[in-house]
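Take a look at the letters that make up each chain.
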Amino acid sequence: MAISIGSGVNVSNASFWNDVECHLIRYGATFTPRVIERAAGSYVYDDAGTAILDFTSGQMSSILGHSHPDVVATVSRSISSLDHLYSGMLSRPVVDLANRLASTLPGDLSKTLLLSTGAESNEAAIKMAKLYTGKYEIVSFDRSWHGMTSGASSATFSAGRRGYGPSMPGNLMLPSPNAYRSPFRRTDGSYDWEAELEYGFALVDQQSSGSLAACMVEPILSAGGIIEPPVGYLRRLKAMCAERGMLMIVDEAQTGLGRTGEMYAFERDGIVPDLLTLSKTLGAGLPVAAVVTSSQIEEVCHGRGFLFFTTHVSDPLAASVAVTVLDVIERDSLPARTAVLGKQLNERLLDLRDRFEVVGDVRGRGLLQGLELVTDKLSKSPADSLANAVTMACLERGLHINIVQLPGMGGIFRIAPPLTISDSDLHAGLDILEASLRAVVSGGGE
């Protein structure tokens, strides 16, 4: 059985791809048909030395770009002196990180658990919510992605539900606040998110066994198609959770640490989550994650025997990297820079929407924005083949860009370059996207 790697494979790498076919387990992605040898700044380089502008920041993680010198120095220093410890031992970097995170957060978000991956941090947050409330039902969006471990995947509704047997009991879903495609409309045709949210929670209440523990949300649903809740949505959602005695878990794997132009995306709505999970951006490409919560929730969970004793909990190397990431973000004022670049990005994308019939919608903020391709603006019909063709045309021109394809939605380009990208590289990438789109739409191919 041949592995799907798309078109454009260099035949000189036939042995490499043969080894891929023989020895790698496929895990859901279509492999990009290039062999990547190194990465630096906003670029990755294939084995032919071709520079490819990275509009995905790795897996939406490398907010400081690839091989940032401060991170390289920290890893080099830490790996030679203090890398990994018995999980019951503590080191200064771990406590330093907890202090630093608390200083960046509002309210009583002052207690940190240091872990490795986003799924792991969401798993821990779900367990804490269940233990604290004494209840077990978890609500999440129907386009959510919270991870691949059992509890996190049970709260993930955008993909991976079929064929694995029963998920964790008590997982209920809300309709994602997709303003572009929602059927909930006011008389003037505008999106009625208040009615949709009320309707969604009415369904949750009807399905619930009376054991609602928490609602887990992303401030911008990334893998769900760059769906951004309207201003005020998260505030109303948190109030509805409080009315039901539920906690609110905010998953900022991709939106945290400046990505949206604010340090944390939830700040726009003036809310404070009960539990905050961080991952991808916290390690700037390295496996670092955390759960942050209040002293009250931590105290109750500890008193009830909270257990999350893993091999890499409180690892000093991970903590050292995260502290360095926070240092660079503060030193270089990256949230403010991202807000400026995000405005430029949005203006360019809106211009494409105005000029191309196949560009249906633009959404997101900061340096996490999406562009949805459709067959035409009137029908809004998904344009999967068009999106795939544009993706390959971009790669041939030196731009790596990711598409999200979900049932009932068009091909959505996720645009998430490093926060350190230069103005010129940002616009060069957008020029490539425009040229590729024009070529494909006009029938010129790549």
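Conventions adopted
- Residues numbered from 1 in each chain as written.
- Predicted model: local features only at pLDDT ≥ 70, side-chain atom pairs only at ≥ 80, totals over all residues.
- Heavy atoms only, no water.
- Axes fitted to C-alpha atoms, helices over the stretch in contact; angles between N-to-C directions.
- Helix = DSSP H or I, 4+ residues; strand = E, 2+ residues; numbered from the N terminus.
- Left-handed = near helix turned anticlockwise from the far one by under 90°.
- Contact = heavy atoms within 4.5 Å.
- Nonpolar A, V, L, I, M, F, W, Y, C, P; charged D, E, K, R; others polar.
- 1 Å grid on protein atoms, 1.4 Å probe; cavity = no way out; pocket = protein on both sides within 12 Å on 5 of 7 lines; lining within 4 Å.
- Points joined across faces, edges and corners; volume = space filled by probe spheres on them.
- Pairing = 2+ DSSP bridges.
- Phe/Tyr/Trp six-rings, centres within 6.5 Å; stacked < 30°, edge-to-face > 60°.
- Buried < 20%, exposed > 50% of the residue type's maximum accessible area, 1.4 Å probe, protein only.
- Lys NZ or Arg CZ within 6 Å of the ring centre and 35° of its normal.
- Polar contact = N/O pair within 3.5 Å; in protein donor to acceptor, adjacent residues only side chain to side chain.
- Salt bridge = Lys/Arg side-chain N within 4 Å of Asp/Glu carboxyl O.
- Patch = residues over 30% accessible without salt bridge, like charges linked within 9 Å, V, L, I, M, F, W, Y side chains within 5 Å.
- Areas by Shrake-Rupley, 256 points an atom, 1.4 Å probe, with all protein chains shown as cover.
- Expected span 1.5 Å × (residues − 1).
- Parallel < 35°, antiparallel > 145°, perpendicular 65-115°, else oblique.

Caption draft 1: Spotlight on the packing of helix α4 (residues 92-104) against helix α11 (residues 316-331). Running from N to C, α4 and α11 point in directions that differ by 35°, and their axes come no closer than 8 Å. The way α4 lies across α11 gives a crossing that is left-handed. The segment α4 lies against α11, with Pro93, Val94, Asp96, Leu97, Arg100 and Leu101 engaging Pro316, Ala319, Ser320, Ala322, Val323, Leu326, Asp327 and Glu330. Broken down by class, the residue content of the contact of α4 with α11 amounts to nine nonpolar, one polar and four charged.

Caption draft 2: Structural context of the layout of surface pockets. Put simply, the second largest pocket is a space of about 650 Å³. Taken together, 23 residues line the second largest pocket, and the ones lying closest to its centre are Thr112, Leu113, Glu298, Val313 and Ser314. If you list the elements that add at least two residues to the lining of the second largest pocket, you get α4, β4 (109-115), β10 (289-294) and α10 (295-303). Its residues assigned to classes, the lining of the second largest pocket shows 16 nonpolar, five polar and two charged.

Caption draft 3: Region of interest: the sheet that holds strand β7 (residues 212-217). With mixed pairing, seven strands are arranged side by side in an open sheet as β4-β10-β9-β8-β7-β5-β6. Both outer strands of the open sheet, β4 and β6 (171-174), are each paired with one neighbouring strand and no more. Ignoring strand direction, the axes of neighbouring strands in this sheet form an average angle of 20°. Note: strand β5 (residues 137-141) against β6, four bridges, orientation parallel.

Caption draft 4: Molecular detail of the packing of aromatic side chains. According to the stated counting rule, one finds nine aromatic pairs in the structure shown. When the ring of tyrosine 264 is compared with that of phenylalanine 266, the centres are 5.7 Å apart and the planes differ by 15°; the resulting orientation is stacked. Residue classification places phenylalanine 266 among the buried positions, given a relative accessible area of 0%. Above the plane of the ring of tyrosine 45 lies arginine 38, whose end atom (NZ or CZ) is 3.9 Å from the centre. Taking NZ or CZ as reference, lysine 380 lies 4.4 Å from the ring centre of tyrosine 180, over its face.

Caption draft 5: Structural detail: the side chain of serine 87. Residue placement: serine 87 occurs in the loop between α3 (69-79) and α4. Taking the relative accessible area as the measure of exposure, serine 87 reaches 13% and is therefore buried. Here threonine 310 takes part through its backbone oxygen, which lies 2.6 Å from a polar atom of the side chain of serine 87. In this structure the side chain of serine 87 is engaged in a polar contact, spanning 3.2 Å, whose partner is the backbone oxygen of threonine 311. Other than its neighbours up to four places away in sequence, serine 87 contacts Phe309, Thr310, Thr311, His312 and Val313.

Caption draft 6: View of the sheet that holds strand β3 (residues 51-54). Spatial strand order, β1-β2-β3-β13: four strands in an open sheet with mixed pairing. Both edges of this open sheet fall to β1 (36-40) and β13 (399-400), since each of them pairs with a single strand only. Sheet analysis places β1 next to strand β2 (residues 43-46), joined by four bridges and oriented antiparallel. Counterpart to alanine 39 in the pairing with β2 is valine 44.

Caption draft 7: Seen up close, the pattern of salt bridges. For the structure shown, the criterion picks out 26 salt bridges. With a shortest N-O distance of 2.8 Å, aspartate 205 and arginine 244 are connected by a salt bridge. One end of the pair, aspartate 205, is in helix α7 (residues 193-207); the other, arginine 244, is in the loop between α8 (233-243) and β8 (247-251), and 39 residues separate them in sequence. For arginine 244, a relative accessible area of 24% corresponds to the partly exposed category.

Caption draft 8: Geometry of a nonpolar patch on the surface. Among the surface-exposed residues, Tyr86, Met89, Leu307 and Phe309 lie close enough to one another that they form a single nonpolar patch of about 480 Å² accessible area. Within the fold, methionine 89 resides in the loop between α3 and α4. Judged by its relative accessible area of 44%, methionine 89 falls in the partly exposed class.

Caption draft 9: Up close: helix α13 (residues 384-396). In a regular helix each residue adds 1.5 Å, so 13 residues correspond to 18 Å; α13 covers 19 Å between its end C-alpha atoms and thus fits that length. Listing the buried residues of α13 in full gives Leu386, Ala387, Val390, Thr391, Met392, Ala393, Cys394 and Leu395. Here the buried face of α13 lies against β3, β12 (368-373), β13, β14 (402-404), β15 (411-415) and α14 (423-441). Looking one or two residues beyond α13, the residue adopting positive phi is glycine 398, at roughly 100°.

Caption draft 10: Just the packing of α13 against α14, in detail. Running from N to C, α13 and α14 cross one another at 130°; their axes reach a closest spacing of 9 Å. The angle between α13 and α14 places the two elements in the oblique class. By crossing handedness, the relation of α13 to α14 is classed as right-handed. Along its contact with α13, which presents Leu386, Ala389, Val390, Ala393 and Cys394, the element α14 presents Ile432, Leu433, Ser436, Leu437, Val440 and Val441. Of the residues contributing to the contact of α13 with α14, the split by class is 10 nonpolar, one polar and no charged.

So far we have only geometry, and geometry alone does not tell us how the molecule works.
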